[in-house]
Amino acid sequence: VDTLRGASAGTLLVAAAYACALVEDLVAAGLARERVVGSVPVAQAAALRRHLAERLEVEPRELAATVLGVPPHALLAPQSAAVLGGAPVAARDPSALRQALAAVSRRAPGPVALAAAAARVVHALDGARASVLPIVACLDGEYGHRGVALAVPARLRAGRIESIMDVPLEPVERIALENATQRRHRA
(Lines give C-alpha, C1' and ligand atoms only; values in the text may rest on other atoms or scores of the structure.)
Protein backbone atom coordinates (compact mmCIF):
# COMPACT_ATOMS: atom_id res chain seq x y z
CA VAL A 1 0.00 0.00 0.00
CA ASP A 2 2.89 2.40 0.72
CA THR A 3 3.89 2.34 -2.94
CA LEU A 4 0.39 3.50 -3.86
CA ARG A 5 0.35 6.57 -1.59
CA GLY A 6 1.68 8.69 -4.41
CA ALA A 7 -0.97 7.56 -6.87
CA SER A 8 -3.23 10.29 -8.16
CA ALA A 9 -6.80 10.63 -6.90
CA GLY A 10 -8.00 9.56 -10.35
CA THR A 11 -6.30 6.18 -10.20
CA LEU A 12 -8.59 3.19 -10.62
CA LEU A 13 -7.48 -0.09 -9.12
CA VAL A 14 -9.35 -3.26 -9.96
CA ALA A 15 -8.54 -5.94 -7.40
CA ALA A 16 -9.52 -9.61 -7.56
CA ALA A 17 -9.52 -12.78 -5.44
CA TYR A 18 -9.43 -11.78 -1.74
CA ALA A 19 -10.23 -8.13 -2.42
CA CYS A 20 -11.92 -6.86 0.76
CA ALA A 21 -8.79 -6.23 2.83
CA LEU A 22 -6.96 -4.71 -0.14
CA VAL A 23 -9.84 -2.35 -0.95
CA GLU A 24 -10.03 -1.23 2.69
CA ASP A 25 -6.25 -0.67 2.83
CA LEU A 26 -6.25 1.37 -0.38
CA VAL A 27 -9.09 3.60 0.81
CA ALA A 28 -7.40 4.01 4.21
CA ALA A 29 -4.21 5.00 2.33
CA GLY A 30 -6.07 7.91 0.77
CA LEU A 31 -7.48 6.67 -2.51
CA ALA A 32 -11.09 7.76 -3.12
CA ARG A 33 -13.52 4.98 -2.30
CA GLU A 34 -15.31 5.67 -5.60
CA ARG A 35 -12.11 4.72 -7.46
CA VAL A 36 -11.26 1.43 -5.73
CA VAL A 37 -13.21 -1.55 -7.06
CA GLY A 38 -12.85 -5.28 -6.40
CA SER A 39 -14.03 -7.40 -9.32
CA VAL A 40 -14.27 -10.92 -7.85
CA PRO A 41 -18.05 -10.69 -7.12
CA VAL A 42 -18.68 -10.34 -10.86
CA ALA A 43 -17.03 -13.73 -11.41
CA GLN A 44 -18.90 -15.26 -8.50
CA ALA A 45 -22.28 -13.90 -9.62
CA ALA A 46 -21.64 -15.38 -13.07
CA ALA A 47 -20.79 -18.73 -11.49
CA LEU A 48 -23.94 -18.50 -9.37
CA ARG A 49 -26.08 -17.92 -12.47
CA ARG A 50 -24.35 -20.81 -14.23
CA HIS A 51 -25.05 -23.21 -11.32
CA LEU A 52 -28.64 -22.00 -11.05
CA ALA A 53 -29.13 -22.44 -14.79
CA GLU A 54 -27.91 -26.04 -14.62
CA ARG A 55 -30.26 -26.83 -11.77
CA LEU A 56 -33.25 -25.07 -13.37
CA GLU A 57 -32.39 -26.32 -16.88
CA VAL A 58 -32.36 -22.85 -18.47
CA GLU A 59 -29.76 -20.61 -20.05
CA PRO A 60 -27.71 -18.50 -17.59
CA ARG A 61 -28.66 -15.30 -19.45
CA GLU A 62 -32.30 -15.92 -18.45
CA LEU A 63 -31.41 -15.50 -14.77
CA ALA A 64 -30.63 -12.49 -12.64
CA ALA A 65 -28.78 -12.99 -9.37
CA THR A 66 -26.23 -11.12 -7.33
CA VAL A 67 -23.93 -11.79 -4.40
CA LEU A 68 -23.16 -9.86 -1.24
CA GLY A 69 -20.71 -10.47 1.57
CA VAL A 70 -17.05 -11.31 1.83
CA PRO A 71 -15.66 -13.00 -1.27
CA PRO A 72 -14.70 -15.59 -2.11
CA HIS A 73 -16.18 -17.87 0.58
CA ALA A 74 -18.54 -15.88 2.84
CA LEU A 75 -21.23 -14.91 0.36
CA LEU A 76 -24.97 -14.64 0.36
CA ALA A 77 -27.35 -14.41 -2.54
CA PRO A 78 -30.46 -12.41 -1.63
CA GLN A 79 -33.61 -14.27 -2.61
CA SER A 80 -35.20 -10.99 -3.72
CA ALA A 81 -32.46 -10.55 -6.33
CA ALA A 82 -32.59 -14.07 -7.79
CA VAL A 83 -35.16 -14.12 -10.55
CA LEU A 84 -35.97 -16.15 -13.64
CA GLY A 85 -38.16 -14.38 -16.16
CA GLY A 86 -39.22 -11.88 -13.51
CA ALA A 87 -40.36 -14.59 -11.06
CA PRO A 88 -38.40 -15.51 -7.91
CA VAL A 89 -36.15 -18.53 -8.38
CA ALA A 90 -37.45 -19.84 -5.03
CA ALA A 91 -40.95 -20.16 -6.52
CA ARG A 92 -39.62 -22.64 -9.09
CA ASP A 93 -37.15 -24.52 -6.85
CA PRO A 94 -36.93 -23.51 -3.18
CA SER A 95 -33.47 -25.03 -2.65
CA ALA A 96 -31.84 -24.03 -5.96
CA LEU A 97 -30.34 -20.74 -4.77
CA ARG A 98 -28.95 -22.22 -1.55
CA GLN A 99 -27.36 -25.15 -3.40
CA ALA A 100 -25.93 -22.96 -6.17
CA LEU A 101 -24.44 -20.56 -3.64
CA ALA A 102 -22.88 -23.45 -1.72
CA ALA A 103 -21.24 -24.67 -4.94
CA VAL A 104 -19.88 -21.19 -5.71
CA SER A 105 -18.60 -20.64 -2.17
CA ARG A 106 -16.66 -23.90 -2.10
CA ARG A 107 -13.94 -22.62 -4.41
CA ALA A 108 -12.41 -19.33 -5.39
CA PRO A 109 -12.70 -18.30 -9.05
CA GLY A 110 -9.80 -19.25 -11.26
CA PRO A 111 -7.59 -16.86 -13.21
CA VAL A 112 -9.70 -16.87 -16.38
CA ALA A 113 -12.88 -16.05 -14.45
CA LEU A 114 -11.07 -13.33 -12.50
CA ALA A 115 -9.66 -11.81 -15.69
CA ALA A 116 -13.08 -11.85 -17.37
CA ALA A 117 -14.61 -10.22 -14.29
CA ALA A 118 -11.94 -7.51 -14.22
CA ALA A 119 -12.50 -6.86 -17.94
CA ARG A 120 -16.25 -6.60 -17.34
CA VAL A 121 -15.71 -4.06 -14.54
CA VAL A 122 -13.29 -1.99 -16.62
CA HIS A 123 -15.76 -2.03 -19.52
CA ALA A 124 -18.58 -0.91 -17.20
CA LEU A 125 -16.45 1.87 -15.76
CA ASP A 126 -15.63 3.06 -19.26
CA GLY A 127 -19.26 3.13 -20.39
CA ALA A 128 -21.33 6.23 -21.05
CA ARG A 129 -24.34 4.58 -19.41
CA ALA A 130 -24.29 3.22 -15.90
CA SER A 131 -23.90 -0.52 -15.36
CA VAL A 132 -24.96 -2.31 -12.19
CA LEU A 133 -22.54 -5.03 -11.13
CA PRO A 134 -21.70 -6.78 -7.86
CA ILE A 135 -18.30 -5.45 -6.79
CA VAL A 136 -16.20 -5.12 -3.67
CA ALA A 137 -16.50 -1.55 -2.43
CA CYS A 138 -15.61 0.27 0.76
CA LEU A 139 -18.92 1.20 2.37
CA ASP A 140 -19.80 4.58 3.82
CA GLY A 141 -22.98 3.83 5.74
CA GLU A 142 -24.54 1.45 3.22
CA TYR A 143 -25.77 -1.81 4.74
CA GLY A 144 -24.97 -0.30 8.15
CA HIS A 145 -21.18 -0.25 7.68
CA ARG A 146 -18.47 2.41 7.38
CA GLY A 147 -14.91 1.75 6.30
CA VAL A 148 -15.69 -1.91 5.62
CA ALA A 149 -15.27 -3.43 2.17
CA LEU A 150 -17.92 -5.92 1.10
CA ALA A 151 -19.33 -7.37 -2.08
CA VAL A 152 -22.36 -5.25 -2.96
CA PRO A 153 -24.17 -4.28 -6.16
CA ALA A 154 -23.13 -0.86 -7.42
CA ARG A 155 -23.75 1.53 -10.31
CA LEU A 156 -20.52 2.06 -12.25
CA ARG A 157 -19.95 4.84 -14.75
CA ALA A 158 -17.41 7.44 -15.80
CA GLY A 159 -14.48 5.67 -14.17
CA ARG A 160 -15.96 5.41 -10.69
CA ILE A 161 -18.55 3.90 -8.40
CA GLU A 162 -21.55 6.15 -8.87
CA SER A 163 -23.60 4.61 -6.05
CA ILE A 164 -24.07 1.49 -3.98
CA MET A 165 -27.40 -0.25 -4.63
CA ASP A 166 -29.53 -1.30 -1.69
CA VAL A 167 -30.83 -4.84 -2.07
CA PRO A 168 -33.71 -5.72 0.25
CA LEU A 169 -32.55 -8.42 2.65
CA GLU A 170 -34.63 -10.86 4.63
CA PRO A 171 -33.76 -10.82 8.36
CA VAL A 172 -31.81 -14.07 8.05
CA GLU A 173 -29.86 -12.63 5.08
CA ARG A 174 -29.01 -9.46 7.05
CA ILE A 175 -27.74 -11.60 9.94
CA ALA A 176 -25.65 -13.70 7.52
CA LEU A 177 -24.10 -10.52 6.10
CA GLU A 178 -23.30 -9.24 9.60
CA ASN A 179 -21.80 -12.57 10.62
CA ALA A 180 -19.59 -12.72 7.51
CA THR A 181 -18.39 -9.18 8.13
CA GLN A 182 -17.64 -9.80 11.80
CA ARG A 183 -15.81 -13.10 11.07
CA ARG A 184 -13.57 -11.36 8.57
CA HIS A 185 -12.67 -8.56 10.95
CA ARG A 186 -11.90 -10.99 13.76
CA ALA A 187 -9.51 -12.97 11.53
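Each remark here, short or long, concerns the structure printed above.
Residues numbered from 1 in each chain as written. Predicted model: local features only at pLDDT ≥ 70, side-chain atom pairs only at ≥ 80, totals over all residues. Heavy atoms only, no water.

Visitor: Just give me the short version of the pattern of salt bridges, but keep the residues and values in it.
Guide: The final tally for this structure, using the stated rule, is seven salt bridges. Notably, a salt bridge pairs Asp93 with Arg55, separated by 2.8 Å at the nearest N-O pair. Pair noted here: Asp93 is in the loop between α3 (89-92) and α4 (96-105) and Arg55 is in helix α2 (residues 40-56), with a separation of 38 residues, a long-range link. Residue Arg55 is classed as partly exposed on the basis of its relative accessible area, which comes to 38%. For the salt bridge of Arg155 with Glu162, the shortest nitrogen-to-oxygen distance reads 2.8 Å. Given the relative accessible area of 26%, Glu162 is considered partly exposed. In the salt-bridge network here, residues are joined through shared partners; they are Arg33, Glu34 and Glu142. (Salt bridge = Lys/Arg side-chain N within 4 Å of Asp/Glu carboxyl O. Helix = DSSP H or I, 4+ residues; strand = E, 2+ residues; numbered from the N terminus. Buried < 20%, exposed > 50% of the residue type's maximum accessible area, 1.4 Å probe, protein only.)

Visitor: Summarise the nonpolar core; cite the residues concerned and give the values.
Guide: Residues Val121, Ile135, Tyr143, Leu156, Ile161 and Ile164 are the most contacted members of the largest nonpolar core, which totals 37 residues. Not counting the four nearest positions on each side in its chain, Ile135 is found in contact with Val37, Gly38, Pro41, Val121, Leu150, Ala151, Val152, Ala154, Leu156 and Ile161. The next biggest cluster of nonpolar side chains, apart from the first, holds 20 residues, and it includes Leu48, Ala53, Ala96 and Val104. (Core = buried A, V, L, I, M, F, W, Y, C linked by side-chain atoms within 4.5 Å. Contact = heavy atoms within 4.5 Å.)

Visitor: Talk me through unusual backbone geometry; I want residue IDs and the actual numbers.
Guide: Of the consecutive residues Pro71 and Pro72, the connecting peptide bond is found in the cis state with omega at 0 degrees. Along the chain, the position of Pro72 falls in the loop between β4 (68-70) and β5 (74-76). For Glu57, which is not glycine, the phi torsion reads 60 degrees and is therefore positive. Along the polypeptide, Glu57 turns up in the loop between α2 and β3 (63-64). A positive phi angle, close to 55 degrees, is found at Ala158, a residue other than glycine. Within the element layout of this structure, Ala158 appears in the loop between β9 (146-157) and β10 (160-164).

Visitor: So, the pairing of β9: which residues are in play, and what are the values?
Guide: With nine bridges connecting them, strand β8 (residues 131-140) and β9 associate as antiparallel partners. Its bridge partner being in β9, Ala137 is matched across the sheet by Leu150. Taken together, β8 and the strand that follows it, β9, pair antiparallel across an intervening segment of five residues, in which Gly141 is found at a positive phi of about 105 degrees. Pairing of β9 with β10, which is carried by four bridges, proceeds in the antiparallel orientation. In the strand pairing of β10, Leu156 is matched with Ile161. Linking β9 back to β10 in an antiparallel pair, the connection comprises two residues, with Ala158 at a positive phi of about 55 degrees. (Pairing = 2+ DSSP bridges.)

Visitor: Give a description of the sheet that holds β3 that names residues and reports values.
Guide: The strands that make up a sheet pair up through hydrogen bonds in the backbone, lying either parallel or antiparallel. Taken together, three strands build an open sheet; the order of strands is β3-β6-β7 and the sheet is antiparallel. Whereas interior strands pair on both sides, the edge strands pair on one side only; in this sheet they are β3 and β7 (87-88). Pairing analysis gives two bridges linking β3 to strand β6 (residues 83-84), with the strands arranged antiparallel. In the strand pairing of β6, Ala64 is matched with Val83.

Visitor: An account of the packing of α2 against α4 is requested, with residue identities and associated values reported.
Guide: At a minimum axis distance of 9 Å, the contact between α2 and α4 shows a crossing angle of 130 degrees. Taken together, the axes of α2 and α4 lie oblique to each other. Read as a crossing pair, α2 and α4 show a hand that is right-handed. Contacts between α2 and α4 pair Gln44, Ala47, Leu48, His51, Leu52, Arg55 and Leu56 from the former with Ala96, Leu97, Gln99, Ala100, Leu101, Ala103 and Val104 from the latter. Classifying every residue of the contact of α2 with α4 by side-chain character gives ten nonpolar, three polar and one charged. (Axes fitted to C-alpha atoms, helices over the stretch in contact; angles between N-to-C directions. Parallel < 35°, antiparallel > 145°, perpendicular 65-115°, else oblique. Left-handed = near helix turned anticlockwise from the far one by under 90°. Nonpolar A, V, L, I, M, F, W, Y, C, P; charged D, E, K, R; others polar.)

Visitor: Explain the side chain of Thr66 to me, and be specific about the residues and the numbers.
Guide: Within the secondary structure, Thr66 sits in the loop between β3 and β4. Filtering out sequence-adjacent residues up to four positions away, Thr66 remains in contact with Leu48, Leu76, Ala77, Pro78, Ala81, Pro134 and Pro153.

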